[in-house]
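Residues per chain, in single letters:
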Amino acid sequence: MKRKLILSVLLMPLSLIIYSPSLLYIHAPQLNTLSPNFCTAFCLDNGDHCVFGANQDNTLEIGKIFVNKRQVVKTTWDPSTTGEYAQWVSRYGSMTVNFVGYQMAWAGMNEAGLMISTMAVPESRGPNPDERPPFQGPFWMQYQLDNYSTVEQVRASDADIRLIETAVDHYLVCDRSGICATIEYLDGHAVYHSGETLPVKALTNSTYKQSLQALQGEDIQPGENSLWRFATAAERLAAFDPASSVDAIDYAFDTLEQVSRDDTVWSFVYDPVSLRVYFRTNRNPNIRYLDLSDLDFSCQAPTMMMDVHSDVKGDISDDIVAYNHTVSFQHSNSFFNAYENMSMSPILIDTLLWGVENFPCSSGEHAFQEGLVLYSPLIPPTIQWAGMTVLHRVGPVWILLTALSLAFLFWRMAVDKALSVRGSLPWVLMTILLGLIGLLAYLVFNNRRTVN
């Protein structure tokens, strides 16, 4: 990884030429400014723990499952108002289903039993920019799964990080013990419902306050609207008896079926006690499952992925495959092509993916890092990622051209005998950094010097 970083830095001048200035500060795509979509999530109290269910409703059917590793050093790509970036080392491994792309969770569970899902809500607006480092909603969810095991820890993280101000989602988060909270951002402020203020552990596409008021007032019309789905989920949750012979997983899937829509793409059920994830999709109605306890979350292990609609059934542990950049790029590119209001060029997508794919394993100065760290790098992460993208795309050719340019430079300097060793050093360094461009600069300079 260090070798890649050094080479990417050497190739940065080329990246400055290839990429437009706006790319170098990939002011993150507004991943939360999606067209309306509809989702449902709930916690089914099953004795002393929670069985978590979630539906994704959207006309865009793409999705990938990712296995996210522990002990990975990650950073944000947008700075806070003080110019600082957030950095952390993932504490827990997790399994997520991603709508946008790699490291951009739609829902998931980590190995500590923390579960989270997102739903759109029109009233949502994140806080205005401040000194806290900003997070896109999907990356914010990955951060929570990377770092925390309890709902209280997730709530406390609001003091350290913030969602971008254009956020239009709200979240249901539950932990292994069955404690849950809804997290909403209304008028720029975080609003939580938990404990006594969360009598129904469910969330759809209305604010929790609106949903509860409609339920208590019994002013809900049948149909595929948000309040009706909330009321249906509430009724099902109240009717469930953990002591009955009804299996909680089956009951959760039946509940998801009752609140599904014509555009329901997939349904996930998480059991934090068995650390098992169950799911089915509109293209493959077979219920499949994955045991997190069977996964290798070590940082040195390859990242694993699978299309959510893959034609498999039962235990999928042997069906997930090693991460593939091309497949991941096609997935993200399809997503951004589907939304005109948040289009993103393939070059930008490629750069962002190379950046998050190359988050390094914790070692050296990061070996014992705990919690969130704010730092001001000499070179912003996005510029490093641009250089890394150039390395992957044209690196071998660029290195060959640089080596040939250096060889020609040394030969020409020996012929010219016009510069001292000290005078030659800047041109050698420039050629290392700029390759053929550095050599051309020397030839132009030396030619003018000869003419004069």
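A. Representation of the overall build of the protein in the model. Counting its secondary structure elements, the protein contains 13 helices and 21 strands. Classification of the 452 residues of the protein by burial places 56% in the buried group. Restricting to contacts in the protein with at least 6 residues of sequence separation, those with at least 24 account for 71%. Element-wise, carbon and sulfur atoms account for 56% of the exposed surface of the protein, whose accessible area totals about 19700 Å².

B. Summary view of the state of the cysteines. Across all of its chains, the model carries three disulfides by this definition. Across a sulfur-sulfur distance of 2.3 Å, Cys43 and Cys50 are joined as a disulfide pair. Assessed through its relative accessible area of 2%, Cys43 is described here as buried. According to the relative accessible area criterion, Cys50 is buried, its value standing at 0%. Numbered by order of appearance in the sequence, the disulfide-linked cysteines of the protein pair as 1-2, 3-4, 5-6.

C. How the structure looks around the sheet that holds strand 11 (residues 169-174). Ordered by their spatial adjacency, nine strands build an open sheet running 13-12-11-8-7-6-3-18-20, and the pairing between neighbours is antiparallel. Both edges of this open sheet fall to strand 13 (189-194) and strand 20 (321-322), since each of them pairs with a single strand only. Two elements, strand 6 (residues 94-98) and strand 7 (residues 107-110), share four bridges in a ladder whose sense is antiparallel. Following the sheet pairing, Thr96 is matched in strand 7 by Gly108.

D. The nonpolar core, seen in detail. Counting 104 residues, the largest nonpolar core has Leu44, Phe52, Trp140, Phe268 and Tyr270 as the members making the most contacts within it. In this structure, Tyr270 is in contact with Cys50, Val51, Phe52, Val97, Ala107, Gly108, Met109, Met115, Arg276 and Val277, ignoring residues within four places of it in sequence. Ranked by size, the runner-up nonpolar core spans seven residues in total, among them Leu406, Leu409, Met413 and Leu439.

E. Focus on the sheet that holds strand 1 (residues 38-46). Reading across the sheet, the seven strands line up as 14-1-2-15-16-17-19 and stay open at both edges, with mixed pairing between neighbours. Looking at which strands have only one partner, the edges of the open sheet turn out to be strand 14 (202-203) and strand 19 (314-315). As defined by bridge partners, strand 17 (residues 288-291) adjoins strand 19 across two bridges and the pair is classed as parallel. Along strand 19, the bridge assignment pairs Arg288 with Gly314. Against the sheet, helix 8 (residues 248-258) engages strand 1, strand 2 (49-57), strand 15 (264-271) and strand 16 (276-281), with an angle of about 155 degrees to strand 15.

F. Region of the structure containing the confidence of the model for the protein. Predicted confidence across the protein gives a mean pLDDT of 86, with 86% of residues reaching 70 or more. The low-confidence segment residues 2-29 (pLDDT under 50) makes 61 contacts with residues lying over four places distant or belonging to another chain.

G. Broad picture of the packing of aromatic side chains. A full pass over the atoms with the stated rule returns 25 aromatic pairs. Taken together, a centroid distance of 6.3 Å and an interplanar angle of 75 degrees make the contact between Phe99 and Trp266 edge-to-face. In this pair, Phe99 is assigned in the loop between strand 6 and strand 7 and Trp266 in strand 15, connecting sequence segments 167 residues apart. Trp266 matches Phe99 in its accessibility class, with the two residues each being buried.

H. Looking closely at the pairing of strand 18 (residues 304-307). Two strands pair when backbone bridges link them, and strand 3 (residues 64-68) and strand 18 are joined in this way by four bridges, in the antiparallel orientation. Looking across to strand 18, one finds that Val67 is bridged to Met304. Relative to strand 20, strand 18 runs antiparallel, the two being bridged by two bridges. Bridging from a neighbouring strand, Met305 pairs with Val321 of strand 20.

I. Layout of the pattern of salt bridges. Taken as a whole and assessed by the stated rule, the structure comprises eleven salt bridges. Across the salt bridge formed by Lys74 and Asp146, the nearest N and O atoms sit 2.9 Å from each other. Of the two residues, Lys74 is situated in strand 4 (residues 73-75) and Asp146 in helix 4 (residues 137-147); the sequence distance between them amounts to 72 residues. According to the relative accessible area criterion, Lys74 is buried, its value standing at 2%.

Procedures and definitions
Residues numbered from 1 in each chain as written. Predicted model: local features only at pLDDT ≥ 70, side-chain atom pairs only at ≥ 80, totals over all residues. Heavy atoms only, no water. Helix = DSSP H or I, 4+ residues; strand = E, 2+ residues; numbered from the N terminus. Buried < 20%, exposed > 50% of the residue type's maximum accessible area, 1.4 Å probe, protein only. Contact = heavy atoms within 4.5 Å. Areas by Shrake-Rupley, 256 points an atom, 1.4 Å probe, with all protein chains shown as cover. Disulfide = S-S within 2.5 Å. Pairing = 2+ DSSP bridges. Core = buried A, V, L, I, M, F, W, Y, C linked by side-chain atoms within 4.5 Å. Axes fitted to C-alpha atoms, helices over the stretch in contact; angles between N-to-C directions. pLDDT = per-residue confidence, 0-100. Phe/Tyr/Trp six-rings, centres within 6.5 Å; stacked < 30°, edge-to-face > 60°. Salt bridge = Lys/Arg side-chain N within 4 Å of Asp/Glu carboxyl O.

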